[in-house]
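Descriptive analysis of the structure
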Amino acid sequence: MDGARTADLAEARDALATALIEATYSPNNLPANLPAFETLVAAGTGEIWVERPAQRRGEPVQYVVLAQTGVPIARVQLPEGVRVTDAGRDYVVVVHRDEDGVETVRVYRLVRA
Amino acid sequence: MIGCAAPAPPPPLAHWSVSPTPTITIAGGDSTTGPLLQVRGAWRLSDGAIAVADGGSNGIRRFASGQPPGFIGGRGDGPGEIRQLSWTGHLGDTAVVFDGALRRLTLFALGREPRMLSILRVLPSDERGRDFGAIVGRLSDGRRLVHAMTRPDPARPGRQFIPGFVGLLAPDATGPVDWLAEVADMAVVIVPDGSGTMVNIVPAAFPTSLAVVATPSAVWYGNTGADTIVRFDADLAARTTVVLPDQPRRCLRDACGWGPDRRPR
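Here's a quick rundown of the structure. (Residues numbered from 1 in each chain as written. Chains lettered and ligands numbered in written order. Predicted model: local features only at pLDDT ≥ 70, side-chain atom pairs only at ≥ 80, totals over all residues. Heavy atoms only, no water.)

Attention now goes to unusual backbone geometry. All names here are of chain B. The phi torsion at Ala173 lies on the positive side, around 60 degrees, for a residue other than glycine. Within the fold, Ala173 resides in the loop between β16 (158–169) and β17 (174–175). A relative accessible area of 0% places Ala173 in the buried class. Look at Phe206: it is not a glycine, yet its phi comes out positive at around 50 degrees. (Helix = DSSP H or I, 4+ residues; strand = E, 2+ residues; numbered from the N terminus. Buried < 20%, exposed > 50% of the residue type's maximum accessible area, 1.4 Å probe, protein only.)

Any aromatic ring pair is given by two values, namely how distant the centres are and how the planes are angled relative to each other. Following the criterion strictly, the structure yields 4 aromatic pairs over all chains and no others. An angle of 80 degrees between the planes, with centres 5.9 Å apart, marks the rings of Tyr25 of chain A and Phe206 of chain B as edge-to-face. Placement of Tyr25 of chain A in the loop between α2 (15–24) and β1 (39–42) and of Phe206 of chain B in the loop between β19 (199–203) and β20 (210–215) is noted, with the two residues assigned to different chains. With respect to class, Tyr25 of chain A is no different from Phe206 of chain B; both count as buried. (Phe/Tyr/Trp six-rings, centres within 6.5 Å; stacked < 30°, edge-to-face > 60°.)

To continue, consider the environment of Phe71 of chain B. Assignment of secondary structure puts Phe71 of chain B in strand β8 (residues 70–73). Placed 36 residues apart in sequence, Phe71 of chain B and Pro35 of chain B show a C-alpha to C-alpha distance of 13 Å.

Below, the discussion takes up the interface of chain B and chain A. In this complex, chain B contributes 62 residues to the contact, which on the side of chain A involves 63 residues. Of the roughly 5700 Å² buried between chain B and chain A on both sides combined, carbon and sulfur atoms contribute 63%. Applying the counting criterion to the chain B and chain A interface returns 0 salt bridges. On inspection of chain B and its partner chain A, the count reaches 19 residue pairs in polar contact (both at pLDDT 80 or more). With 5 residues, the single largest contributor to the side of chain B that touches chain A is strand β1 (residues 14–18) of chain B. Among the residues forming the side of chain B that touches chain A, the class breakdown is 37 nonpolar, 17 polar and 8 charged. Across 3 bridges, strand β7 (residues 103–111) of chain A lies against strand β2 (residues 24–26) of chain B in antiparallel orientation. From the neighbouring strand, Val105 of chain A faces β2 of chain B, where its bridge partner is Ile26 of chain B. (Contact = heavy atoms within 4.5 Å. Buried area = accessible area lost by both parts, 1.4 Å probe. Salt bridge = Lys/Arg side-chain N within 4 Å of Asp/Glu carboxyl O. Polar contact = N/O pair within 3.5 Å; in protein donor to acceptor, adjacent residues only side chain to side chain. Nonpolar A, V, L, I, M, F, W, Y, C, P; charged D, E, K, R; others polar. Pairing = 2+ DSSP bridges.)

What follows covers the sheet that holds strand β11 (residues 104–109) of chain B. Residues and elements named next belong to chain B. Strands sit in the order β9-β10-β11-β12 across an open sheet of 4 strands; the sheet is antiparallel. Looking along the sheet, the strands with just one partner apiece sit at the ends: β9 (85–91) and β12 (115–121). Ignoring which end each strand starts from, the neighbouring axes of this sheet average 20 degrees apart. Across 6 bridges, β11 lies against β12 in antiparallel orientation. Paired with Arg104 across the two strands is Arg121, which belongs to β12. (Axes fitted to C-alpha atoms, helices over the stretch in contact; angles between N-to-C directions.)

In this section: the sheet that holds strand β23 (residues 238–243) of chain B. All names here are of chain B. Strand order in the open sheet formed by 4 strands is β20-β21-β22-β23, and the pairing between neighbours is antiparallel. Lying at the two open borders of the sheet, with one neighbouring strand each, are β20 and β23. For this sheet the average axis-to-axis angle between neighbouring strands, irrespective of direction, equals 20 degrees. Bridging between strand β21 (residues 218–223) and strand β22 (residues 228–233) involves 4 bridges; their strand directions are antiparallel.

Each pair of packed helices can be described by the angle between their axes along with the distance between the axes. Residue and element names in this part refer to chain A. At a closest axis distance of 9 Å, the pairing of helix α1 (residues 2–10) and α2 adopts a crossing angle of 165 degrees. Classified by the interaxial angle, the pair formed by α1 and α2 is roughly antiparallel. Between α1 and α2 the crossing geometry is right-handed. Mapping the contact onto sequence places Arg5, Asp8 and Leu9 in α1 and Thr18, Ile21 and Glu22 in α2. Taken together, the residues that form the contact of α1 with α2 break down as 2 nonpolar, 1 polar and 3 charged. (Parallel < 35°, antiparallel > 145°, perpendicular 65-115°, else oblique. Left-handed = near helix turned anticlockwise from the far one by under 90°.)

All names here are of chain B. Applying the stated rule across the entire model yields 12 salt bridges over all chains. With a closest N to O distance of 3.9 Å, Arg130 and Asp131 form a salt bridge. According to the relative accessible area criterion, Asp131 is partly exposed, its value standing at 44%. A salt bridge links Asp153 to Arg156; the nearest nitrogen and oxygen atoms lie 3.6 Å apart. Of the residues examined, Asp153 reaches a relative accessible area of 32% and is grouped as partly exposed.

Residue and element names in this part refer to chain A. By the secondary structure assignment, Ala87 is in strand β5 (residues 82–87). A C-alpha to C-alpha distance of 9.8 Å links Ala87 and Arg109, two positions 22 residues apart in sequence. Not counting chain neighbours up to four residues away, the residues in contact with Ala87 comprise Ala43, Gly44, Thr45, Trp49 and Val92.

Looking now at the pairing of β8 of chain B. All names here are of chain B. For strand β7 (residues 59–63) and β8, the ladder comprises 4 bridges, and the chain directions are antiparallel. Across the sheet, the residue bridging to Arg61 is Phe71, located in β8. Two successive antiparallel strands, β7 and β8, enclose a turn made up of 6 residues, where Gly66 displays a positive phi of approximately 80 degrees.

Quick look at the side chain of Asp54 of chain B now. Along the chain, Asp54 of chain B turns up in strand β6 (residues 50–54). The residues contacting Asp54 of chain B, other than those within four sequence positions of it, are Pro35, Leu36, Leu37, Gln38, Gly59, Arg61 and Leu85 of chain B.

Any link to function would need more than the numbers given here.
As structure tokens, then:
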């Protein structure tokens, strides 16, 4: 938590922004737990890819895949800094964002072992 | 007495893997449309080309090996133009774009020569759909998935969730929205400015929100702070709660049982 707070404060541009960030991190305004997932992606196969939040910055990205019925069927680990936008039987399309905010689209081969 | 057996544990999840390096990398930066800055969606087309919905250029780009990049859309209010690329989806090689500013859906065919197919005004008849609803998906029967997020209560300082709603709209994007659920949406913090008349509304730390997507016959939704997702079967009108696999989630507040030495009790 301290790391997240420090990182947010480093981007504050003025005293008001600093005060507002401090308010968001005050104990009464914190959630009880970290988010359980980041987003849902509806793949072309009808499956749902659920993005799990990273425990620390710079870590690989984890996804859980749900079958069309909702049953969890697989975990997938992807390189850090990417988010899935589409997936097929043997490929996954992701967007990578670098430190400057420039994005690249990448396609990886997917192996369902 | 009949013996009872404990339910069988769920099978372990498979571990899928991806290639160590990408098979395709697209960086934009061509002379006509510049780098990719706000990718709203990217998917593979039937001929292997890659479509990219680019919020920076307000259009859809098409990339195929051995072909010059294609582009359709662009910033504006005219036919085929986009003022705010809020959401994109696709039906085969047809892209569907919801313009949140112009409140309309535009369909584009993404063949070698991309072209506009049609425009559909989004006109829900109920107030919530009209004022706050955004199209974020489509079922195979044509119904449109709607996500609406209303407003926070500025009179309640501190952390709160903005109310979120999930609904379905007729294929022609008119009539009342059939609201399926109300779910806590974006977490914000209301901070009074001390004057007694104004407040600041800022995203909460470790923010959560309402995630909503559609597959051909189901709507999936849930707050990202919860370990569960709801699957609404659109054919049966039945809801199922999907429990996500266990993953340790660290507590952030003292109420979670952390002692003064910051170790779990």
